[in-house]
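Here is what each chain is made of, one letter per residue.
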Amino acid sequence: MLKSPRTALLLALAAAAVGLALFFFLSDNRESIRKGGRGTEASVPENAEETDARPKRIVKLMFLNEDGEAFIPEEREITADETSPSVEAREIVAELIQGSKTGLLSAIPPETRLIQAYVTKDGTAYVDFSREFAEKHPSGTSAEMETIYAVVDSLAYNLTSVKKVCLLVDGEERETLAGHIAINRPIPPDFTLIARN
Amino acid sequence: MADSSVRPHIKSAAFIQAFLLVPVLAALLSVFSPLPASAAALRNIVIDPGHGGLYTGAKGKFGSLEKDITLSVSLKLRTLIERSMSYRVVMTREKDLDVSLENRAAVANNNDAQVFVSIHVNGSVRKKAHGAETFFMNVNASDEETRKLAYLENTSDQLDAKIADEDQDEVKMILWDMAQTAYVRQSSRLAEMIQQELNQALRLENRGIKQAGFKVLQGVACPAVLVEIAFISNPDEERRLSDEAFQNQVAEAIFRGLSQYLKLYPQK
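Quantities reported herein were computed from a predicted structural model and do not represent experimental measurements.

**Some points on the sheet that holds strand E1 (residues 43-49) of chain B**
In step 1: Here 6 strands make up an open sheet; going across it, the order is E2-E1-E3-E6-E4-E5 (chain B) and the pairing mixed. Two strands lie at the open edges of the sheet, namely strand E2 (87-91) and strand E5 (210-212) of chain B, each paired on one side alone. Averaged over all pairs of adjacent strands, the angle between strand axes in this sheet comes to 30°, irrespective of strand direction.
In step 2: In this sheet, strand E6 (residues 224-231) of chain B lies alongside strand E4 (residues 133-137) of chain B in antiparallel orientation, the contact comprising 3 bridges. Note that in E6 of chain B the partner of Phe-135 of chain B across the bridge is Leu-226 of chain B.
In step 3: Of the strands in this sheet, strand E3 (115-122), E5 and E6 of chain B are in contact with helix H6 (residues 141-158) of chain A, which crosses E3 of chain B at around 80°.

**Focus on the packing of helix H3 (residues 66-84) of chain B against helix H11 (residues 244-264) of chain B**
All names here are of chain B.
In step 1: Two elements in contact, H3 and H11, have axes separated by 9 Å at closest approach and are oriented at 50°. Accordingly, the angle class assigned to the pair H3 and H11 is oblique. Handedness of the crossing formed by H3 with H11: right-handed. Residues Ser-72, Val-73, Lys-76, Leu-77, Leu-80 and Ile-81 of H3 lie in contact with H11, whose contacting residues are Gln-247, Asn-248, Val-250, Ala-251, Glu-252, Ile-254 and Phe-255.
In step 2: For the contact of H3 with H11, the residue count by class is 8 nonpolar, 3 polar and 2 charged.

**Observations concerning the pairing of strand E4 (residues 124-129) of chain A**
All names here are of chain A.
In step 1: Because side chains alternate across E4, one face comprises the buried residues Ala-125, Val-127 and Phe-129, and the other comprises Thr-124, Tyr-126 and Asp-128, none of which is buried.
In step 2: The pairing of strand E3 (residues 114-119) with E4 spans 5 bridges and is classified as antiparallel. Bridging from a neighbouring strand, Gln-116 pairs with Asp-128 of E4.
In step 3: What sits between the antiparallel neighbours E3 and E4 is a turn of 4 residues, in which Gly-123 has the positive phi angle 90°.

**Examining the confidence of the model for chain B**
All names here are of chain B.
In step 1: Mean pLDDT over chain B: 82, with 71% of residues reaching 70 or higher.
In step 2: Of all secondary-structure elements in chain B, the lowest mean pLDDT belongs to helix H6 (residues 159-162), at 46, while E3 reaches the highest, 98.
In step 3: Across residues 1-11 the pLDDT falls below 50, and counting only partners more than four positions away or on other chains, this stretch makes 0 contacts in the model.
In step 4: A low-confidence stretch, residues 22-39 stays under pLDDT 50, and its non-local contacts, those more than four residues away or across chains, total 1 contact.

**Here's the deal with the interface of chain A and chain B**
In step 1: Across the contact, 23 residues belong to chain A and 24 residues belong to chain B.
In step 2: It is H6 of chain A that provides the largest number of residues to the side of chain A that touches chain B, a total of 5 residues.

**A few points about the nonpolar core**
In step 1: With 94 residues, the main nonpolar core has Ile-148, Val-151 and Val-165 of chain A together with Val-225 and Ile-254 of chain B as its most contacted residues.
In step 2: Top element by residues in this core is H6 of chain A. It accounts for 9 residues.
In step 3: Those residues in contact with Val-165 of chain A that lie beyond four places of it in its chain are Ala-125, Val-127, Val-151, Val-152, Leu-155, Ala-156, Pro-186 and Ile-187 of chain A.

**With respect to H11 of chain B**
All names here are of chain B.
In step 1: Spanning 21 residues, H11 covers 31 Å between terminal C-alpha atoms, matching the ideal 30 Å at 1.5 Å per step.
In step 2: What H11 keeps buried is the set Gln-247, Val-250, Ala-251, Ala-253, Ile-254, Phe-255, Gly-257, Leu-258, Tyr-261 and Leu-262.
In step 3: As for H11, its buried residues are in contact with H3, E3, helix H8 (184-202) and E6.

**A word on the environment of Ala-150 of chain A**
Residues and elements named next belong to chain A.
In step 1: By the element assignment, Ala-150 lies in helix H6.
In step 2: Sequence separation of Ala-150 and Phe-71 is 79 residues, and the distance between their C-alpha atoms is 7.7 Å.
In step 3: Among all residues touching Ala-150, those that are not within four sequence positions of it are Met-62, Phe-71, Leu-96, Ala-107 and Ile-108.

**A short note on the packing of helix H4 (residues 85-98) of chain A against H6 of chain A**
Residues and elements named next belong to chain A.
In step 1: Interaxial distance between H4 and H6 falls to 10 Å at its minimum, and their mutual angle equals 140°. Here H6 runs oblique to H4, going by the angle between their axes. Between H4 and H6 the crossing geometry is right-handed. Where H4 abuts H6, its residues Ala-89, Ile-92, Val-93 and Leu-96 lie against Ala-150, Val-151, Ser-154, Leu-155 and Asn-158.
In step 2: By residue class, the composition of the contact of H4 with H6 is 7 nonpolar, 2 polar and no charged.

Rules and cut-offs
- Residues numbered from 1 in each chain as written.
- Chains lettered and ligands numbered in written order.
- Predicted model: local features only at pLDDT ≥ 70, side-chain atom pairs only at ≥ 80, totals over all residues.
- Pairing = 2+ DSSP bridges.
- Helix = DSSP H or I, 4+ residues; strand = E, 2+ residues; numbered from the N terminus.
- Axes fitted to C-alpha atoms, helices over the stretch in contact; angles between N-to-C directions.
- Contact = placed C-beta atoms within 7 Å.
- Parallel < 35°, antiparallel > 145°, perpendicular 65-115°, else oblique.
- Left-handed = near helix turned anticlockwise from the far one by under 90°.
- Nonpolar A, V, L, I, M, F, W, Y, C, P; charged D, E, K, R; others polar.
- Buried ≥ 20, exposed ≤ 12 C-beta atoms within 10 Å, placed from the backbone.
- pLDDT = per-residue confidence, 0-100.
- Core = buried A, V, L, I, M, F, W, Y, C linked by C-beta atoms within 7 Å.
- Expected span 1.5 Å × (residues − 1).

Okay, structure coming up:
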């Protein structure tokens, strides 16, 4: 009985902690995905462009809009590296994760980080994403296809050496991203998913 | 001398008699068993309510979960089939349980399913995405390649020399994993018939069937489809999805497509 005010306080604190945890848990992924890009490019120093003398090239990244199912390619400049498709693959995926700069929808959870990407001699690109790629995914057949083909088509469309793409999460092969489409084997691109013109 | 040669002979004769008796008895039992003869011949339809347990599937803005709607619609479909078709329904789950994607395919194969129907609720990054869609397995070129490769390796004389035991298992697993490749044509017919009924029942603009690389369909060794009944990511459709009348409408449409298909293709 003596300790009861303390116990009550502890209980109240515990309840508050659980409440907060629930709040964060419930308000997690779908919203953040819709927001698309996070504008992290702002942190790049302004004179970076001037001092970077490396050659550039334009690539097309796959995003979506509300009007149709097809991908809308968005142009982006990356540092070119003719000798290594792996270097360009890394740049393409990193830009894709950043989201659209023209207000299109991104199918990749914005919390996702690129761990590694490389292209083998037989034309398979391996892309290793952080666990948020799967954990923050909203699930659903269409959403999974949107995510998978945003990556696969963005790579294969811009890198002629890439014939198929193997998606890894936190260094490991997975059955599916969120319960629907198989990603345990390399996936060839499907360019019919890209809007024409 | 005579004795010793006769005795074993008698023993083996008794053995043979005993062995002959077993099938005869079994046959007699089956003839006089109280079950109607047709019950033994009843074939199975396997219904697969997507997700379950910890795996909720897609979530709606108002809190509905894919796993709950898939189970509810699947149970309605089961009732319709059992009421008016001479098929037995086997469910991959009847409760809110985790069932692995491989085990779902195994339920179909272990029950020698005539058809496999997986029920899902769709989700998209696009809030406006809407409508029911019927899918069948997408056999991509690299799968075809692997299958051919596995086949060639299996028929090679040097198979044993070339492939270690554990790798042979892997080759078999890959082939098993692609059982659905043999049924893609029938699966697309089944998908068409179900989609046609869904279009009519839900007054959808003329939607076609779709293909995708579903993990759950890969290993299923019979005609198999996956029905996405509506988009939970679309607020209007999320509301309809929890509506009993809408669920019944969907279950009835799937049921009509299924019975049409089974009338046309009674054999697997």
